[in-house]
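Given next are the chains, with one letter for each unit.
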Amino acid sequence: MTIKRKENIMRKNNAKVLLVCLTAVLFICWMGPSSAFGWEPSKPVEIVSHSSAGTGGDIFIRTLSDIWAKNKFIPVRTSVQNITGARGDKARRYIAVKNKGNPHYLFSYVPSQLNTPILDKSDISHRSFVPLSLMAVQTPILVVHNESPYKSLSDLIEAARKKPKQITQGGGSYGNIASLVGKMLMDHAGVTISYVPYKGGGEATVALLGKHIDFIIENVQEVREHVKAGNFRIIAATDKLQSFPAVRTFKEQGYDFKTITQFLGLVAPQGIPAEAAAYYIKLLERTRGTTEWKSYLERNDLAEFSVAGDAMAKFLDDEELFYLRLNKEIGLLK
Amino acid sequence: MLGEVIHNLGVGFAVALLPENILYAFVGSFLGTIVGILPGLGPAGAMAMILPAVFTLHPASAIIMLASAYAGAMYGGSTTSILLNVPGENASVVTCLDGYQMALQGRAGPALCIAAIGSFIAGTMGIAGLMLFGPIISKAALSFGSPEYFALMVFALSAVASLSGDTIVKGLLAMTLGLMVATVGTDMTGVRRYCFNLPDLLDGVEFFAVTIGLFAISEVIITTAEIKSGLRKTVIKHKIFISFKEFLYSSGAIIRGSIIGFSVGVLPGAGAGVASFLAYSFETQISRHPEKFGKGEIKGVAAPESANNAASAGALIPMLTLGVPGSGTTAIMLAALMGLNVNPGPLLFSSRPDVVWGLIAAMYLGNIILLILNLPLVGIFVRILYLPLKYILPLIMILAVLGVYSANMAVLDLVFLCLFGLLGYYMRRNGYPIAPVILGIVLGGQMEVALRQTMIMSQGQPFFVFERPIVIFFLVLTLISIFLPLILKHFTKTQIEYDEA
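On a predicted model such as this, the values are computed, not experimentally measured, just so you know.

Asks: Pulling in residues and values, what's your account of the nonpolar core?
Replies: Among the nonpolar cores identified, the biggest contains 205 residues, and Leu66 and Leu439 of chain B are the most heavily contacted of them. With 17 residues, the single largest contributor to this core is helix H6 (residues 108–141) of chain B. Sequence-distant contacts of Leu439 of chain B, defined by excluding residues within four places in its chain, comprise Leu157, Ala159, Val160, Leu163, Met175, Gly178 and Phe277 of chain B. Grouped together as the second largest cluster of nonpolar side chains are 44 residues, Val45, Ile61, Val130 and Leu266 of chain A included.

Asks: An account of the sheet that holds strand S10 (residues 262–269) of chain A is needed here, citing residue identities and associated values.
Replies: All names here are of chain A. In spatial order, the strands read S2-S1-S3-S10-S4-S11; together these 6 strands make up an open sheet with mixed pairing. The outermost strands of the open sheet, each flanked by one partner alone, are strand S2 (78–82) and strand S11 (303–308). Each strand of the sheet is rotated relative to its neighbour by a mean of 20°, with strand direction disregarded. Bridging between strand S1 (residues 45–49) and S2 involves 5 bridges; their strand directions are parallel. When the sheet's bridge partners are listed, Ile47 is paired in S2 with Val80.

Asks: Quick rundown of helix H2 (residues 19–37) of chain B? Include the residues and the values.
Replies: Residue and element names in this part refer to chain B. In this model, H2 (19 residues) spans 27 Å end to end at C-alpha, consistent with the 27 Å of a helix rising 1.5 Å per residue. Regarding H2, the residues found buried are Asn21, Tyr24, Ala25, Gly28, Ser29, Leu31, Gly32, Thr33, Val35, Gly36 and Ile37. In this fold, the buried residues of H2 make contact with helix H1 (2–16), helix H3 (43–54), helix H4 (59–84) and helix H17 (353–384).

Asks: If you had to explain the interface of chain B and chain A to someone new, which residues and values would you point to?
Replies: With 32 residues of chain B at the interface, the matching set in chain A holds 35 residues. Sorting the residues of the side of chain B that touches chain A by element identifies helix H15 (328–339) and helix H20 (435–458) of chain B as the ones contributing at least two each. At 5 residues, the largest contribution of residues to the side of chain B that touches chain A is made by H15 of chain B. Within the side of chain B that touches chain A, the residues separate by chemical class into 18 nonpolar, 13 polar and 1 charged.

Asks: Please give an account of the domain arrangement of chain A that cites residues and values.
Replies: Residues and elements named next belong to chain A. When its domains are assigned, chain A resolves into domain 1 (45–137 + 261–329) and domain 2 (140–237). Contacts between the two partners involve 16 residues from domain 1, matched on the other side by 13 residues from domain 2. Counting only elements with at least two residues in the side of domain 1 that touches domain 2, the list comes to helix H2 (56–70) and helix H4 (111–119). A total of 5 residues in the side of domain 1 that touches domain 2 trace back to one element, the largest contributor, which is H4. Here the side of domain 1 that touches domain 2 is built from residues that sort into 4 nonpolar, 10 polar and 2 charged.

Asks: Can you lay out the environment of Ala108 of chain B for me, pointing to particular residues and giving the numbers?
Replies: Residue and element names in this part refer to chain B. In this structure, Ala108 sits in helix H6. Remark: the alpha-carbon pair of Ala108 and Leu385, spanning 277 residues in sequence, is separated by 8.5 Å. Aside from chain neighbours lying at most four places away, what touches Ala108 is Ile82, Leu83, Met102, Ala103, Val382 and Leu385.

Asks: Any details on unusual backbone geometry? Residues and values, ideally.
Replies: With a phi close to 70°, Lys165 of chain A is a non-glycine residue in the positive phi region. Positionally, Lys165 of chain A belongs in the loop between helix H5 (153–162) and strand S6 (168–171). On the neighbour-count criterion, Lys165 of chain A (12 C-beta atoms within 10 Å) is exposed. In this model, Phe196 of chain B sits at a positive phi of 50°, which is unusual for a non-glycine residue.

Asks: Explain the sheet that holds strand S5 (residues 140–145) of chain A to me, and be specific about the residues and the numbers.
Replies: Hydrogen bonding along the main chain pairs the strands of a sheet, whether they run parallel or antiparallel. All names here are of chain A. Strand order in the open sheet formed by 5 strands is S7-S6-S8-S5-S9, with mixed pairing between adjacent strands. Either end of the sheet is taken by a strand with one partner, and the two such strands are strand S7 (194–197) and strand S9 (232–237). Strand-to-strand, the axes of this sheet are offset by a mean angle of 35°, without reference to chain direction. Judged from the 5 bridges that link them, S5 and S9 form a sheet pairing that is antiparallel. Bridge pairing in S9 links His145 to Phe232. Contacts from helix H7 (residues 201–209) reach S5, S6 and strand S8 (215–219), with the element oriented near 140° to S6.

Thresholds applied
- Residues numbered from 1 in each chain as written.
- Chains lettered and ligands numbered in written order.
- Predicted model: local features only at pLDDT ≥ 70, side-chain atom pairs only at ≥ 80, totals over all residues.
- Core = buried A, V, L, I, M, F, W, Y, C linked by C-beta atoms within 7 Å.
- Buried ≥ 20, exposed ≤ 12 C-beta atoms within 10 Å, placed from the backbone.
- Helix = DSSP H or I, 4+ residues; strand = E, 2+ residues; numbered from the N terminus.
- Contact = placed C-beta atoms within 7 Å.
- Pairing = 2+ DSSP bridges.
- Axes fitted to C-alpha atoms, helices over the stretch in contact; angles between N-to-C directions.
- Expected span 1.5 Å × (residues − 1).
- Nonpolar A, V, L, I, M, F, W, Y, C, P; charged D, E, K, R; others polar.
- Domains from an automatic or database assignment.

Have a look at this one:
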């Protein structure tokens, strides 16, 4: 009786061992081919933007996705998804919490992703993501309506000096980069304006088209069509623009204040395999060499910026400290 | 100018009428209709679903398929509203009021028919408006700033009068509840209100959970109670198609609904939901028998269904000419166009006429296909009502839970679905109208943002709005729509007294 039971247990154990062995073999077979060539995505890759279609961070990931598909850089399909709402928190949570450890999700990372969590005291910071690479820097420009009386930056500043708080800047929710640049400019000039928050840069653009606000600060790619169509006039830029060389920078017009690096980068959720991160860093490195990428940079007045992996983590750490200080300086954070 | 339009349209149709493109239009319309019928998945869901497939097609075919799916989803939205009291999307909430009553009276067929015909007429009129006046209208819409939006929302709130019937106080209470629900979430400055640290609440209470809870779940409870107590009347079998007389009777409502819908739709900050409420309330106000509304008046189906289709056509105007999406649906359309390397914006009409005219031709084509597709479906859908209730009620529950869960994949939404279902039951049992709750939620968020923007612009001076003619126009309209029914009521009352005497 007892022997039989022992046998039974042995048999059961044997079966268990066999099962484990089989699983291990299967697992190795399954891992084998892919690990031989390093990690590769096996499912469609989804790239997420926290802002709606047509914004800088959105066009950026669409360009990446196109380049990868056209050059067959990646064995699977990539898709772009816009998850808007709750000041980017929905998108951040979607990547950092819901898809934690999933290497088939990537996230378009822009400065507001760093700053809004600070202002909102969120538990998600840039440390919730694996930094892959920073790819480009955008140039924010200050735009007024073409029929606006303000022809230069000093026109605008002097108007704000005469009528405190009556000049209005429109843009996305308060604390985003456009609002910070505006605040720093006006603090530097010693004047006060009013900031009108809209659902996003797009709605602010419409408000400026209807002359309901005085100016907006947006990236070139978001307002280029309106400048070309003669609706808007650029009166200052944070840097020299290739496509509009006549535009003078803030500095050239006598307003020299520390501006913000308006980077465009890509991150993945924390917890993905190191090989997967390495794969994407390499993929982005290859992307940089393509002619499509160069023409994207040129077309949108973007400066090349390549900081990847650990260097990007260090960069984000420094930027976070900078934002903390800046938010305190301009009174957004106590 | 007209010659140019005809020429361009000819070019557009030459592309749209290629056999494979007709096929894509058919597939798009069909998928759009099916997805639109499922509650929770509105036009935005339909388009998001076919988006990946679309990118493998030729750009013209892709746009044709998307446009047809867009139109199709707007058609489908009314089906469950009418048959089961489950609104398919927020623009079809008002359709429930009279549509479901018609279904209970055995007139589901005519209700579905008028929704399809109204959608067809409104969709076609909307596209004609887009084609003829697109760029001009988009300029006019720009004169709408935050104060104008606020005034428009105030006017839209006055629709509460026509949604409440005789119980205006209860209607106001219900609307206030809606406005309160709308305050939940992250506000425009980043402050979190009533979120209780729940990430699922950061963007507010899910609209569908409230709507489907209030309408569908409460309906299931009430019906069950009626079966228990033997009060439930069986649905009378009735004719399937609409009579010409009924069509003529509601044609005015279709035309008015289309015009209101299109005008509201072109404003990037309003949307089809607001349009359908306004169209419905306008119909009740000009009707000689306002008391019939809410009790199965066919105009109460025709007006909002026309309005939401015309609005969705109108919403394409800011998207195409300004590059700014006015709604979740047009945001996906915009993303799709950008994925096809088309950049909507002020230069689109001149730089990519092939895309614009292809889209316009596709919308015409889609509308015709949809009418052909939808009218025979009426006969099938109506039979759902002949099913025994023991099958219908679980079907409603399944649709409700699936629809709400599919919106965000959040369990919390299901909790809200149940809570609002119970609340809806309580309200209906005690004579509170439920549509004003939805009105409050639809308008509350946008109205608050517009008011706060206005206050920032004017630095807290409320009276500067009176310098703006559009604001005054809407405020006057609001006053008229509040007080005119009261005056008329008084007038008719004295008339009756006179007659009696």
